[in-house]
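Structural characterization, general
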Amino acid sequence: MRVLVLNAGSSSLKSSLYELDEPVPQSPAAPLWEGRVEWEEPFSNVRLRAKRHGYPQLEKQPAIQSERDATGYLLQTLWDGPARVLANPAEVDVVGHRVVHGGAKYSEPTLVTTEVKEEIRRLSAFAPEHNPAEVDGIETAERIFKSQPQVAVFDTAFHQSMPMHTFIYPGPYAWYERGIRRYGFHGISHQYCAARTAEILNKDLESLRIVTCHLGHGCSLAAVQDGRSVDTTMGFTPLEGLMMGSRSGTIDPGIFIHLLRKENYSADRLEEVLNRESGLLGVSGVSDDMRHILAAASKGNSRARLAFDAFIHRLRQYLGAMIASLDGVDALAFTAGIGENSPEVRAEACAGFEFLGLKLDGQKNAASPVDCDIASPDSAVRVVVVAAREDWAIAQACWRLARSA
Ligand code: ADP
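Below is a summary of the structure that appears in this document.

The rules behind the values
- Residues numbered from 1 in each chain as written.
- Predicted model: local features only at pLDDT ≥ 70, side-chain atom pairs only at ≥ 80, totals over all residues.
- Heavy atoms only, no water.
- Helix = DSSP H or I, 4+ residues; strand = E, 2+ residues; numbered from the N terminus.
- Rg over C-alpha atoms; globule rule 2.2 N^0.38 Å.
- Buried < 20%, exposed > 50% of the residue type's maximum accessible area, 1.4 Å probe, protein only.
- Contact = heavy atoms within 4.5 Å.
- Areas by Shrake-Rupley, 256 points an atom, 1.4 Å probe, with all protein chains shown as cover.
- Lys, Arg positive; Asp, Glu negative; His and termini not counted.
- Charge placed at Lys NZ, Arg CZ, Asp CG, Glu CD.
- Pairing = 2+ DSSP bridges.
- Axes fitted to C-alpha atoms, helices over the stretch in contact; angles between N-to-C directions.
- Parallel < 35°, antiparallel > 145°, perpendicular 65-115°, else oblique.
- Left-handed = near helix turned anticlockwise from the far one by under 90°.
- Nonpolar A, V, L, I, M, F, W, Y, C, P; charged D, E, K, R; others polar.
- Core = buried A, V, L, I, M, F, W, Y, C linked by side-chain atoms within 4.5 Å.
- Phe/Tyr/Trp six-rings, centres within 6.5 Å; stacked < 30°, edge-to-face > 60°.
- Near = heavy atom within 4 Å.
- Polar contact = N/O pair within 3.5 Å; in protein donor to acceptor, adjacent residues only side chain to side chain.
- Expected span 1.5 Å × (residues − 1).

**Here's the deal with the overall build of the chain**
When helices and strands are counted, the chain shows 15 helices and 14 strands. Taking 2.2 N^0.38 as the reference for a compact globule, 405 residues should give roughly 22 Å; the C-alpha atoms of the chain span a radius of gyration of 21 Å, in line with that estimate. Taken over the C-alpha atoms alone, the chain extends approximately 60 × 55 × 50 Å along its principal axes. Each of the 405 residues in the chain was classed as buried or not, and the buried ones make up 50%. Across the chain, contacts joining residues at least 24 apart in sequence account for 63% of those joining residues at least 6 apart. Surface exposure of the chain reaches about 18500 Å², of which carbon and sulfur atoms provide 50%. Averaging the coordinates of the 42 positive side-chain charges in the chain and doing the same for the 51 negative ones gives two points 2 Å apart.

Here's what the structure looks like:
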């Protein structure tokens, strides 16, 4: 079965093609083909890359006019041109779409119907940067792959198992009735990371209490018990929780009232500041990229050091919160750009939990670990590094759904 995965964002679209055979391998497979198209807003300066295994990457700057054209153009490289791996579009069996917001309705990957599309569109009010682009991606794929099933895999779905006392905000109950509640995000990554952690440790997922740490541009933690999310740090939007690259994470809501009342902020300006001018970038004034923060801090830049220290402080705070939600912890799992690649962040985060008997193996931590356990043999808590594979997780989900249909 050939599964095409689409991950549409507001300024990029990533896609990959997998061939899955029975039995589906537990450990991740390499894609047959990968493509990516990026643009600047308003739509301009389009860059396209596509590659098939064993061939040089195709790079283009196509002269196209819209996001929808970009999707179609990228997908055409599947069967047309030097990166092609198919004879025609009919050779794709299923198309899987990452959808950021599935609201309270979707707790599983779901076959796309007119109603499902309508619901994703309705939820755009909660995820204006993501859901509209994802509906566009679905509709473009429907035009190209006319008879194949389309599957929506939601980033919120994994967290639908959170108990109500965890997802309700302590505001008026009427908020909850209007959909203002915690949803959590990065669910595809957290779910995959927890399952992979159990495999790496050779344990039953159902026997483990895991805190999964997705630390990329966006950062969130999840408390996973028996393979189910029981708590997470992001909430109604991806702004809640940890300090991130350019997002603030949780800050006193009184600041918003002050800015609106005393500094004439508009809602749009507030959104801009909290999403794009805060976090590592806001505090350091250097960059939203952890590599640049670490480099500047090591050269004595005090604001870069402050940004790093604040990032770690908040990471430890929320790790403590997730451990409390789990009544203890068997494993911490680090994934995504920072989680996979920064031994400094892992070491500093873990140093806060030595009182629990957590002992990191310094050499293993420093040796670019991929999908392995980096705790000392006598550590009371395992620590693993997991390569993020959201695309593969979506392909697996589509395969399972298509097989059971
Ligand atoms: P996204 O959330 O956009 O998918 P990624 O998972 O690729 O992002 O993570 C991007 C983050 O990973 C950036 O902050 C980048 O600095 C960080 N990162 C990548 N490599 C390293 C590294 N070697 N050391 C520290 N941080 C890194």
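**Notes on the pairing of strand β3 (residues 33-40)**
The pairing of strand β2 (residues 12-19) with β3 spans six bridges and is antiparallel. Following the sheet pairing, serine 12 is matched in β3 by glutamate 38. Here β3 folds back onto strand β4 (residues 44-52) in antiparallel fashion, the turn holding three residues.

**Notes on the packing of helix α2 (residues 114-122) against helix α3 (residues 131-144)**
Relative to each other, α2 and α3 sit at 155 degrees, their axes nearing to 8 Å. The pairing of α2 with α3 is recorded here as roughly antiparallel in orientation. Seen along the crossing, α2 lies across α3 with a hand that is left-handed. Facing α2, whose interface residues are Lys117, Ile120 and Arg121, α3 presents Asn131, Val135, Ile138, Glu139 and Glu142. Residue classes in the contact of α2 with α3 are distributed as three nonpolar, one polar and four charged.

**Looking at the nonpolar core**
Within the largest apolar cluster, 43 residues are counted, with the highest numbers of intra-cluster contacts made by Val211, Leu215, Leu221, Phe311, Leu315, Leu319 and Val345. With ten residues, helix α11 (residues 302-325) is the single largest residue contributor to this core. In contact with valine 345, not counting residues within four places along its chain, are Leu215, Met290, Phe308, Phe311, Ile312, Leu315 and Ile338. Formed by 31 residues, the second largest nonpolar core is a distinct cluster that contains Val5, Val94, Ile210 and Ala333.

**Digging into the packing of aromatic side chains**
Applying the stated criterion across every chain yields a total of ten aromatic pairs. With a centroid separation of 5.4 Å and 55 degrees between ring planes, the pair formed by tyrosine 18 and tryptophan 392 is classed as tilted. Separated by 374 residues along the polypeptide, tyrosine 18 in strand β2 and tryptophan 392 in helix α15 (residues 390-404) bring together distant segments of the chain. The pair tyrosine 18 / tryptophan 392 is uniform in exposure class, with both members buried. Measuring from centroid to centroid gives 6.1 Å for phenylalanine 167 and tyrosine 176, while their planes differ by 35 degrees, and the two rings are tilted. The exposure class assigned to phenylalanine 167 is buried, which follows from its relative accessible area of 8%.

**Focus: the site of the ligand**
Every residue near the ligand is listed here: Gly216, His217, Gly218, Asp288, Asp289, Met290, Arg291, Ala336, Gly337, Ile338, Asn341 and Ser342. Within the backbone of arginine 291, a nitrogen or oxygen atom sits 3.4 Å from an oxygen atom of the ligand. One nitrogen or oxygen atom from the main chain of asparagine 341 is found 3.5 Å from a nitrogen atom belonging to the ligand. Burial of the ligand by the protein chains amounts to 72% of its free accessible area of 580 Å². Within the residue set of the shell around the ligand, elements represented by two or more residues are α10 (290-298) and α12 (336-341). Of the residues forming the shell around the ligand, the biggest block, four residues, is contributed by α12. Within the shell around the ligand, the residues separate by chemical class into three nonpolar, six polar and three charged.

**What about the packing of α11 against helix α13 (residues 343-351)?**
Packing of α11 against α13 leaves a shortest axis separation of 9 Å and a crossing angle of 50 degrees. As far as their axial angle goes, α13 and α11 are oblique. The hand of the α11/α13 crossing is right-handed. For the pair α11 and α13, contact is made by Phe308, Phe311, Ile312, Leu315, Arg316 and Leu319 and by Glu344, Val345, Glu348, Ala349 and Ala351, respectively. A per-class count over the contact of α11 with α13 returns eight nonpolar, no polar and three charged.

**Focus on α3**
An ideal rise of 1.5 Å per residue puts 20 Å on 14 residues; α3 measures up with 20 Å between its terminal C-alpha atoms. Listed as buried for α3 are Asn131, Ala133, Glu134, Val135, Gly137, Ile138, Glu139, Thr140 and Ala141. If you follow the buried residues of α3, they end up packed against β1 (2-8), α1 (67-76), β6 (94-99), α2 and β8 (150-154).

**Here we look at the sheet that holds strand β11 (residues 228-232)**
Read across the sheet, six strands follow the order β11-β10-β9-β12-β14-β13 without closing on themselves; strand pairing throughout is mixed. With partners counted over all chains shown, the strands left at the sheet margins are β11 and β13 (372-373), one partner each. Summarising the sheet, strand β12 (residues 331-335) and strand β14 (residues 382-386) pair through five bridges and their orientation is parallel. Following the sheet pairing, alanine 333 is matched in β14 by valine 384. Helix-sheet contacts for α11 involve β9 (209-215), β10 (219-225), β11 and β12, and the interaxial angle to β10 is about 20 degrees.

Nothing here speaks to function; it is all geometry.
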